[in-house]
Structure formats: structure tokens, C-alpha cells
Protein chains: 2
Amino acid sequence: MTASQPVERVTSRRSTQTAEPKWWRVKYFRGMINDVKRRAPFYWSDWKDAWDYRVVPATVYMYFANIMPALAFSLDMFAKTNSSFGVNEVLLSSVMAAVVFSLFAIQPLVIVGVTGPITVFNYTVYDIMASRTNYFAFMCWIGLWSLVMHWILAITNSCNGLKYVTRFSCDIFGFYVAFIYLQKGIQVLTRQWQAGEASAYLSIMVSLLVFMVAYICGAVGESKLFHRHVRKFIEDYGTPLTVIFFTGFVYIGKMRGVELLKLPTSKAFFPTQDRSWFISFWEIPVGDVFIAMPFAILLTILFWFDHNVSSLIAQGTEFPLRKPAGFHWDIFLLGLTTGVAGLLGIPFPNGLIPQAPFHTNSLCVHKTVDDSNEDSDHKGHSHRVVDHVVEQRVSNLAQGLLTLGTMSGPLLIVLHLIPQGVLAGLFFIMGIQALQANGITAKLVFLFSDKRLTSRSDPIARIERRAAVWAFVAIELVGFGATFAITQTIAAVGFPIIILLLIPVRTFLLPRWFSAEELRLLDAPTASPFTMESVGGNYGEVVDDVNADSSASDGSAGKDQLAEDEAERGEALGFQQESAEGRTRSRSGRRKSFRRSGEGDEIELGKVPSSHAKKGTNSRHE
Amino acid sequence: MTASQPVERVTSRRSTQTAEPKWWRVKYFRGMINDVKRRAPFYWSDWKDAWDYRVVPATVYMYFANIMPALAFSLDMFAKTNSSFGVNEVLLSSVMAAVVFSLFAIQPLVIVGVTGPITVFNYTVYDIMASRTNYFAFMCWIGLWSLVMHWILAITNSCNGLKYVTRFSCDIFGFYVAFIYLQKGIQVLTRQWQAGEASAYLSIMVSLLVFMVAYICGAVGESKLFHRHVRKFIEDYGTPLTVIFFTGFVYIGKMRGVELLKLPTSKAFFPTQDRSWFISFWEIPVGDVFIAMPFAILLTILFWFDHNVSSLIAQGTEFPLRKPAGFHWDIFLLGLTTGVAGLLGIPFPNGLIPQAPFHTNSLCVHKTVDDSNEDSDHKGHSHRVVDHVVEQRVSNLAQGLLTLGTMSGPLLIVLHLIPQGVLAGLFFIMGIQALQANGITAKLVFLFSDKRLTSRSDPIARIERRAAVWAFVAIELVGFGATFAITQTIAAVGFPIIILLLIPVRTFLLPRWFSAEELRLLDAPTASPFTMESVGGNYGEVVDDVNADSSASDGSAGKDQLAEDEAERGEALGFQQESAEGRTRSRSGRRKSFRRSGEGDEIELGKVPSSHAKKGTNSRHE
């Protein structure tokens, strides 16, 4: 914050505040045009700013964080679509998305690739349609219809509706994705009996070991162990290294004698099935073209929600971003990649959770702040805060090109060595880590915690009706349960509708059952007003309500609570008008602090130097 | 502390302080007689005080905590002594020890049974001698010689040497025992290939699941989750319930088809081999009787050390005990049980780590103290401290009688259902939990921690020469390495010698390499001066230096650090003359806090009501 601020935040907020147009009075193209106008001045800097060391580890990390789950999903689709989709299709989809979004997106931080929900979508469509029509041509038409729908949504500024997408629906969707991970892991394991009993139990054993080692790596990353560079290395590369280690592990000793199922791969750069990359989309009855339309609607709902939520979380309140966001334009681009993916017969890519926020996180540059506080126990202590994020396009592009390299012959042979049990372990660790970071988990932990040991400074603890917290969590779990349940049926493709229904539930129903104060403590906007400028600000927030998080935002509960306490007392730091925002940050801080409980005292109360916070305030008003 | 103090501490300390006799000027029987004199007045109260609810859960908990590892060790001995020892021998040994020590010991809190080291001893003797002599008769002679040696040690007040047994040797021994656990677990698993590949991998899978679930149960016990009764239940019964659950688990689904090795059992109440319970110890060449003597010396060294250390830790500084200890008399009793065990052909029992301290811990009665501190974050918060320990003989006796019941036919059939893989998991969880609680681990964690995040209030952080900490830990690891290495050879029976050598190393060598200040921060007496009264006080401590821990001693780092800070500042609470003791407690507090890092803020700084601490001070001076 002090020295190198390559770009100051550009705020045109007052204009948005005054006479904000109702979002349904459509000014066609308005959103996309504004997005491009806001971001274009930064395009050159997006390449120039990439001359930064952080880009190197971020690229390597994202390559593994993107490709590992992609491989796991390819295994799932391979098994469930009669090898219509395999490793090459999934990799090509990731490459195309990375190239398109890194070059042309408004927000190049959002990593785009193949997700769990699209895996479910693909094999459910296969179950329903493969027996009666040309599957690839049908999927292609879904993609083409969806392209049209995406573009309509982009042109009509539909992303303005994002102001109604709060943590409530994001958390439910995240919970759903986490359980899909866990379920996929178990499904992979149940298939291992095909190769015999010994290989089934060996696979389970390996999956448990992968899970445990990767979990320990994650825990080390959040501990105080080792120098922070070492710790960060273990956290960043622990999971890929674990996968590599256990891929070799099963070939030693007595395990060598056990036949294990591997990740199926095919010829380099060619489709898994014997076909060309271009789909003959005209080889399908005309009637089926129109049957593809309702599927395209479901796909579009899913992508509109999933991609926007990925983007929101990747630009969450904890990241001090300085370059403007642009949701409308990126949905337009997403339509394009969806259509092209349909023509190539590859899975449709969209924004990845949790990889997108991981990407932003890996680009954070920290600085150490000395504590000037008089607290005797911690005197002379220091803590680290995020100084800025290296916002650029190179890391996204580079990880895409690395993925392209992985499609070459030699690397495909390496991929073929990976036992399926290792990928099952990968599913488990992704699922558990996603659950740990989820807001529903945090609320459940609060509810099941010993009341006598609960800190009263926890915002949720201020809700007088404890039943309200129970009810809120119950609604979230019902939402999750409905989504997850429908995924288990032939109607699985319909799950985006339930996700979409959550938004009006939050906007219209919840305020009838909960007081405004309760909802404020239980729920919050996902991204800051700065990010939400593209879509007209957050719901129920005064747009002028500035984002105090732009400076010190290491995400520690302690510090955020301080900010909140001070906000409430109306003291110092110029927080007087920011109490709502302060609470928002406190809640996201609490969620993060749940993941980092081991670090509880790493950052103490009262350690935000006032100069620091004031600087943040100033920069926003420039 | 406030209301019900059944027994006030009886201190005759001044007499010990003035003109303390050198311990080698032997006044025969002096130690034993004093032990009995001090404890006899409390004998009736040891039964009367057992009318307390804590005795019920403590009994059930100790039954499982004692029998589970005993079964695991019986499996190990069964395999390695050609079934000379089996489940029945191990159970009978535990029963005998429990009855003798609960009825006649000075300190009935110490749980006595079959340990890992004696398992190593038994099968090493088997390896060396079984081919050339009558194994049982030979073991019997070892027991009889050892009986004589124990009695000599008791009569000559040898336990006065315990003042030189500090955390240094206790930690190394504990580290060694933990690694024996882990090694046994792996050895059990390697034997599973006998039943085929599928059964080997299924066993490994089950052992990993047992480990994970038991670990989670332990973690829940140290978290803030659930009401404290539920939390305590999960912590206390998590491991036994896990073992029971997974014993059933392997009989469901596809696993039913896999043949697993089970815990071998035999006829109820009969020896595993076809023999009578009484060993014909005369059926052995006279020469072998004398060959048994050096083995007996090694056994005696092991037991003197192991039993006394178990007793010390069970009476550690964190437990506010009010009834006097007696090391000399208990060594006399241990000689008796050793001889009898030899005559019955069962493994020699001795004090159990970690079960003995777990027993004391399970008998602690807590009370909640409201925080009167002004700290805004924690106002109105409360924390729990140990009020007193239910010191009695019934829980030890009752768990022994339950074990006797386990030797009956129906329960043996149940035991026979336990797959060996489950017992391997039990070894893993015991080993890892022992490592986590170990002082060497705590120092390693300190050394590998990020210096920038280390609290300066950590006592070790005050050592200016960081190399000194490294050197101290290195010496501890060399001691551990030597002990563990010798255990892997045919000379394994010799490992007690290395353990014994640690005591003079600490007393004579370490002071040459480390300053007194460094040693004070790196090492500490294991038990409080009150406990050490039986053996003439702690080494290097002024005997009058009272035990401030007798009152509030929940063992939290925060509180202890407070006490230490205050001790250093010489403020309040009458701690002025107790700074050395204060630091001692702080170190043991830190070690405990390592195990409980999740509870870091459960007990806040500055929450020891001064009336509370003063009361403790008063009671000690009565």
C-alpha cells in the first residue's frame, strides 16, 4: 500500500448512485459497453504488470489446480458417457477457455474450465438422449442455443441481477459442489472392484493416503510452521506433489503386483472417440434440434449463475483489487466459448470454484506490518497484510498453454500412470477443503459449539433469536438437499432451476421471516461495491458505502473484529459511516478465520495502523 | 477449591528441608516406612471418597484405555513368541496388577498393566533363549531375581534418585514408546499378506479409517464443539467406540467376502498354550537360572524407570493432588507382582504411559470460574479450572475386575471378532497422540515455526542462543535414536541401559554445555515438590519452594503465561518467591497447550482470580 501502487482505483460511483435506473428498463448493450469502457484503459497494463515474480508460482499452481480436478472429471465423464468425453476433450476445453478469457475477458483473474456440475449435466444428457439421437450433434445444438441465450443475457444487462446473489445462494451452491466432489470420489472407488478385490482395497487405501497427506499439507500452510516461503510452497504445491508421489507409490513393493485401474487416455491431440474435432451438427433430426432448446435453457441458467458466482468470489471483499470488473462482457464471451465447445464436441467450460478465487489469492503480494500496540503479550509482534494483487492476463494464459502441452504424447503417457484411486483421493480433499471454507459449515460449527466457549464478538452471536440461526441454516440445507437430491435422478439436468430459485427466496421470502438486522448478520454481499459497480451496486447497500477492505485485508478474524468494534463505537479511522460494510467484512473474516483456526493469535487485535486504514479510505475517494 | 476440599495437603516439608540426608547414606526401609506413614491416614478416605460420579466414567474409560492396547500387545507377543503369550496371559496380568495396586499401593491412581517395552523384552528374550532352554521357567527366574532386586531398591530408598529424572529423560522415553507403537502398527499390517492381498489392503484401509476417526474424536474433544458433556464423551469413548464400530464394519457389504486375520484368543480363563497357570520353575538347568540374572537386571532397570516415570506423570504438576505420593513402597509392590507374574507365566506388568496420567485426568472435577476482567472482547466469558481430583482406589480396582470378566467365554468370542487391522489403527492413534503430547515434539514445532509468528511469551523464545535449543533437541533425538535402534537388534533387551544413562547425562553433562538459565527453560521437574516429598524433593529446587499449581491448574498456556509474567514482574498473587516454579508450570502449560492448540482462547489471560491463587498458597503453608 505504501510504495508501489501501479493503479489507483477508478471510481465513478457518484454517477451510479444518483438516479440509478431500474435494471429491467433495458438499455441494450449498456452493460457490455460500460464494461469495455471501464476496463479498456487497463488492457496494456494487464500485460505490463505481469512482470512480477508472483506470476510464476501462480501459473504453476493454477496449472495443477486446474488440471487435476479436470482429469478427475474426465474420468467420471469417460465412465458415464461411454467414452464420449475423455482426457483430451477436457484438456482442450480448458485450453480454449484459458486462451479466450485471458486475452479478451474483462476480468482475466477468473479461471475458466470444466466443472463438476457440467460433468453431471453431460452424463445426464447422455443418459436421456444418447440412445435416441446423435449425442455429439445434440450437445452441439445445446451449445449453439446456449450461445444465443448467453448473448441475449449479456445484451440485456441481465447481470444487474447479481445484486440479489448474496452469500446465501453462493454458500448453498458451494456446499452442493463440495458434496458432488465427495460423491464422485466414492463413485470412482466403487468402480475399482472391476479389477478385483485386492485392487479395490488398494485403491481405497491410496485414496485415503492421498487425502491425509494433502490435508496435512493444507494444515501446514495454515500453521505457523516453517518459514513462510516454505509454508506457502507446501500449501501451494502439496496437493499436486501428493498426486505425483502416490502415482509412483503404487508401483513399489508388493503393490506392483496388483493391477490397478488407471486414468484412461488416448492418442495425443485427437478426440477420445474415432471422430474429427469438428461436429457434424447437421446430422440430426430437425425435431431434436428443438428438443435441445430446453436443455440449453438449463445450461444457460447454470452457467449464468456458476460463472458469475465464480467471478464474484474471485473478486471477493478480501482482495484489494484496483482494476474494474465486468460481468456483462464476460457472459458474452462465455456464450462464445459455449458455442465453440459445442462445435468441437468438448465439455462446455465455465468459471471454476474454488480455482478462480485461489488464482486471485495466489497473486496477492503481502507486506509485513509491525504492531505498535502496547499489549504486553504481543509487543514487537508483526503480521502480514495483502498489499495488492498482481492483476494481469499472463498467468491465466500461461497455465492454458501448459495444459495444451499436456495434450502431447509423452505427457499423456505420464497421465495414464495415475491410478484412479489417487484421483478419488483428490476428489475427497477438494470436497473437504471446499466444505471447510463454506459459510454453511461455519454456521453449523457455530450452532454446535459450546455456548460457554463462544466468543461474544462473533457477529452471529449477537442475534438474539438463536432459532433464527437454526432456521436460516435449515433453509440453506433444504436448498442444498433439494439440489443434491435432484442430481441423483434422471432429472439431474434440472438442478440449475433450484439454484436459480434460491435468489428470489432470499430476496422475497427471507425478509418475511427474519428481521433486517438478522439478515445483515447472517448474510452478506459476496463482492465489494467496487466490484459490483459493473452491475449497479449491491442490493440494499448505499452505493457510496465505500470498501474499507481495499487496504489491510489479510482476512483475520481478530483484525476485522477490531474494525467492527471500532465501527460500532464510532471511533477513529473514519469508519463512522461504514458500519454495515464493517460487519460485512467481519463476517467474511470470520468465515476465513474458521479455515485458519490454528492461526488464531497470529494477528492480534488492534494491529491495523490507522495510517494504513486511512490510506485505503483516501484512495477510494480520489 | 472454594467449597469441598475433602483433604487438605499435609506438608512436613520443613523437616525435609533442614539437614536433608545424602541419599546414598542409606537408612534402610526409611523411604517405605515414611511412605506408609504418610499415606495410611488416608486409606479409609480412599474408599469413602469413591462415592463420586467421576468414578463411573473413569472406570469405564480406563477399562477400554487399558484393555485395547493390551490386546494389541498380546497380538504382537502371540506372533513373536510362538503363542507363548496370548490374550489370556495379558488380561490376567492386568487384572492381577489392578487388584494388587488398587488395594495396597500408596498411589492407587497409577494404572499398572502390560506395556510396549515389556512386549519387546519378552520376545527378545524368546529370540535369544527359547531355542536353548525352557522359556517359561527362564522368564519365571527373571521375575524372581527381579523381585529381589526391586525389594533391594525399595529398601535402600533408591527412588530418591528420582529427583534427577526430569522431563528430559521422560520425554525421550515417551518419544521412544510412541515410535514403538507406530512400529508395532506397521508390523501388524505387514503380517496381513499371510491371508492374501485383498485382506492385506483391506486391513490397511481399515487401520487408516480407525486412525482417522479416532483422531477426529480426539480433535473434537479439544475443540469448542458441542456441549462439554458431549465433547467429553466423544473424547473419552471415541477410541473404544471406533474399535467396536470398525470391528463390525468389516463384516458388511463386499468386505464380508474377504478373509481377515483376527485377534487370536483361546479357552476362557486358561493359558494360551496347553499348560497350567503355575510354572514349574525348577525344570531348568541350574546354569540358566544364573543366566536369567543379567536379564533380570535389565528388567529391573526398565521397571524402576518406567513405573516411576508413569507415577510421576500421573501426578504431574497439572493435577492438584492432596494425598501424598509414595514411590518406595510402590516399587516394593512392583517387585511382588513381577515375581508372581513370573510364577504364573504371564507378562510382567508395570506402570502405564499414557494410561496412568489419563486416569488422573479422568478423575478431575472442574468448576467454572467467571471472568471478572474488563477485556471488552471476552467480557462475561467464563472458563473451567480443575477444582480437585477424586483420589480413590475404586476406579482402579473396578477396571481390573471388568478386565477379569473379559476373560470369560462369551467376551473372548467377541474379542476374537476384532480384525488385526483395527488393532493396527489403534497402535497408530496411540503413537500419534503420544507424539503430540511429547515435549520433544513441542520443541521441534517451536524450532520449525516461523520466527515472525512466534509469541515472545513462549519461555523457549527467551533463550538467546537458538543453537542451544537445537542442541538440546538434538541430544534428545540422539538418545531416542540410540534406544530405538538397539530395540531393532537382538540386543533389544539392553535398551533400558540407554534410558538409564540419560539420567547422568542430564545431571552431569548437560550443565557443562548449557547455562543454568537455558536448562531451566528447556527442562523441568516432572512432578511438583508436593509429590516429590516422598523422594526428598526435586533436583536443584529449594524444597520450600511451594507448588503454586495445587490450585488452579487447568494447564492452559494463557493462564500459565500470565502467572509467569506476573512472577517476572513480581506483582500481586504472592508469586514473588516462586518465579522458578512459575516458569516450570509455564513450560508444562505450553506443552499441554500444544496438544490443545484449538482451544487457544478458551481460557483467557488474566483470569485467575487472585483469591483462588492465594487460597492455594495458603493451603500449602498450613
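Residues numbered from 1 in each chain as written. Chains lettered and ligands numbered in written order. Predicted model: local features only at pLDDT ≥ 70, side-chain atom pairs only at ≥ 80, totals over all residues. Heavy atoms only, no water.

**Some details on the packing of aromatic side chains**
Inspection of the entire model under this criterion finds 68 aromatic pairs over all chains. Taken together, a centroid distance of 5.0 Å and an interplanar angle of 85 degrees make the contact between B:F175 and B:F480 edge-to-face. Here B:F175 is found in helix 8 (residues 167-190), whereas its partner B:F480 is found in helix 18 (residues 466-487), with 305 residues between them in sequence. Exposure remark for B:F175: the relative accessible area of 7% places this residue in the buried category. Consider the rings of B:W193 and B:Y201, whose centres lie 5.5 Å apart with planes at 85 degrees: the pair is edge-to-face. Taken together, the ring pairs connect A:F85, A:Y126, A:Y135 and A:F136 into an aromatic cluster. One residue, A:R275, lies across the ring of A:F136, its end atom 4.2 Å from the ring centre. (Phe/Tyr/Trp six-rings, centres within 6.5 Å; stacked < 30°, edge-to-face > 60°. Helix = DSSP H or I, 4+ residues; strand = E, 2+ residues; numbered from the N terminus. Buried < 20%, exposed > 50% of the residue type's maximum accessible area, 1.4 Å probe, protein only. Lys NZ or Arg CZ within 6 Å of the ring centre and 35° of its normal.)

**Focus on the environment of B:D330**
Residues and elements named next belong to chain B. Note that D330 resides in helix 12 (residues 327-344). Residue D330 is classed as buried on the basis of its relative accessible area, which comes to 3%. Spatially, the C-alpha atom of D330 lies 7.5 Å from that of Q107, the residues being 223 residues apart in sequence. Excluding its chain neighbours within four sequence positions, the residues that come into contact with D330 are F101, A105, I106, Q107 and H307. Of the polar contacts made by the side chain of D330, one reaches the backbone nitrogen of Q107; its length is 3.3 Å. (Contact = heavy atoms within 4.5 Å. Polar contact = N/O pair within 3.5 Å; in protein donor to acceptor, adjacent residues only side chain to side chain.)

**Examining the nonpolar core**
A:F121, A:V125, A:I142, B:F121, B:V125 and B:I142 are the most contacted members of the largest nonpolar core, which totals 289 residues. For B:F121, the residues in contact, after removing those within four places along its chain, are B:M139, B:I142, B:F295, B:L298, B:L299 and B:V493. (Core = buried A, V, L, I, M, F, W, Y, C linked by side-chain atoms within 4.5 Å.)

**Notes on helix 5 (residues 87-104) of chain A**
Each α-helix turn comprises 3.6 residues. Residues three or four places apart therefore point the same way. An ideal rise of 1.5 Å per residue puts 26 Å on 18 residues; helix 5 of chain A measures up with 26 Å between its terminal C-alpha atoms. Counting buried positions along helix 5 of chain A gives 15 out of 18 residues, so the element sits mostly inside the fold. (Expected span 1.5 Å × (residues − 1).)

**As for unusual backbone geometry**
All names here are of chain A. In the Ramachandran plot, N82 falls in the positive-phi region, its phi being about 50 degrees despite a non-glycine side chain. Along the polypeptide, N82 turns up in the loop between helix 4 (55-80) and helix 5. With a relative accessible area of 55%, N82 lands in the exposed category.

**Some points on a nonpolar patch on the surface**
Judged by side-chain polarity, A:V26, A:Y28, A:F29 and A:I33 come together as a nonpolar surface patch covering roughly 380 Å² of accessible area. Within the secondary structure, A:I33 sits in helix 2 (residues 30-39). (Patch = residues over 30% accessible without salt bridge, like charges linked within 9 Å, V, L, I, M, F, W, Y side chains within 5 Å. Areas by Shrake-Rupley, 256 points an atom, 1.4 Å probe, with all protein chains shown as cover. Salt bridge = Lys/Arg side-chain N within 4 Å of Asp/Glu carboxyl O.)

**Focus: the side chain of B:S84**
Residues and elements named next belong to chain B. With respect to the secondary-structure elements, S84 resides in the loop between helix 4 (55-80) and helix 5 (87-104). Among the polar contacts listed, one links the side chain of S84 to the backbone oxygen of T81, at a separation of 2.7 Å. Beyond its immediate sequence surroundings of up to four residues, S84 is in contact with E89, Y126, Y135, F136 and Q273.

**Concerning the confidence of the model for chain A**
Residues and elements named next belong to chain A. Put simply, chain A has an average pLDDT of 77, and 79% of its residues get 70 or more. Low pLDDT, under 50, characterises residues 374-380; the predicted model gives this stretch 10 contacts beyond four residues in sequence or across chains. Counting contacts from residues 542-622, a segment whose pLDDT is below 50, to residues more than four positions away or on other chains yields 171 contacts. (pLDDT = per-residue confidence, 0-100.)

**What about helix 2 of chain A?**
All names here are of chain A. Here helix 2 has its buried residues at G31, M32, D35 and R39. Down the axis of helix 2, the sector holding all buried residues measures 100 degrees, keeping them to one side. Where helix 2 is buried, its residues contact helix 3 (43-48), helix 7 (135-155) and helix 12 (327-344). (Arc of directions from axis to C-beta.)

**Topic: the pattern of salt bridges**
Counted by the stated rule, this structure contains 18 salt bridges over all chains. Notably, a salt bridge pairs A:R393 with A:D46, separated by 2.8 Å at the nearest N-O pair. Of the two residues, A:R393 is situated in the loop between strand 4 (382-389) and helix 14 (394-406) and A:D46 in helix 3; the sequence distance between them amounts to 347 residues. Judged by its relative accessible area of 1%, A:R393 is buried. With a relative accessible area of 0%, A:D46 lands in the buried category. The salt bridge partner of B:K184 is B:D76, with a shortest N-O separation of 3.3 Å.

**So, the side chain of A:T337**
Relative to the elements of secondary structure, A:T337 occurs in helix 12. The contact partners of A:T337, leaving out residues within four places of it in the chain, are A:M96, A:V100, A:F101 and A:P349.

**Here's the deal with the packing of helix 4 of chain B against helix 13 (residues 355-362) of chain B**
All names here are of chain B. Where helix 4 contacts helix 13, the two axes come as close as 10 Å, and the packing angle between them is 170 degrees. Compared by their axis directions, helix 4 and helix 13 come out roughly antiparallel. Of the two elements, helix 4 crosses helix 13, and the hand of that crossing is right-handed. When helix 4 is examined against helix 13, the residues A58, Y61, M62, A65, N66 and P69 are found in contact with a partner set consisting of Q355, F358, H359 and S362. In terms of residue class, the contact of helix 4 with helix 13 is built from six nonpolar, four polar and no charged. (Axes fitted to C-alpha atoms, helices over the stretch in contact; angles between N-to-C directions. Parallel < 35°, antiparallel > 145°, perpendicular 65-115°, else oblique. Left-handed = near helix turned anticlockwise from the far one by under 90°. Nonpolar A, V, L, I, M, F, W, Y, C, P; charged D, E, K, R; others polar.)

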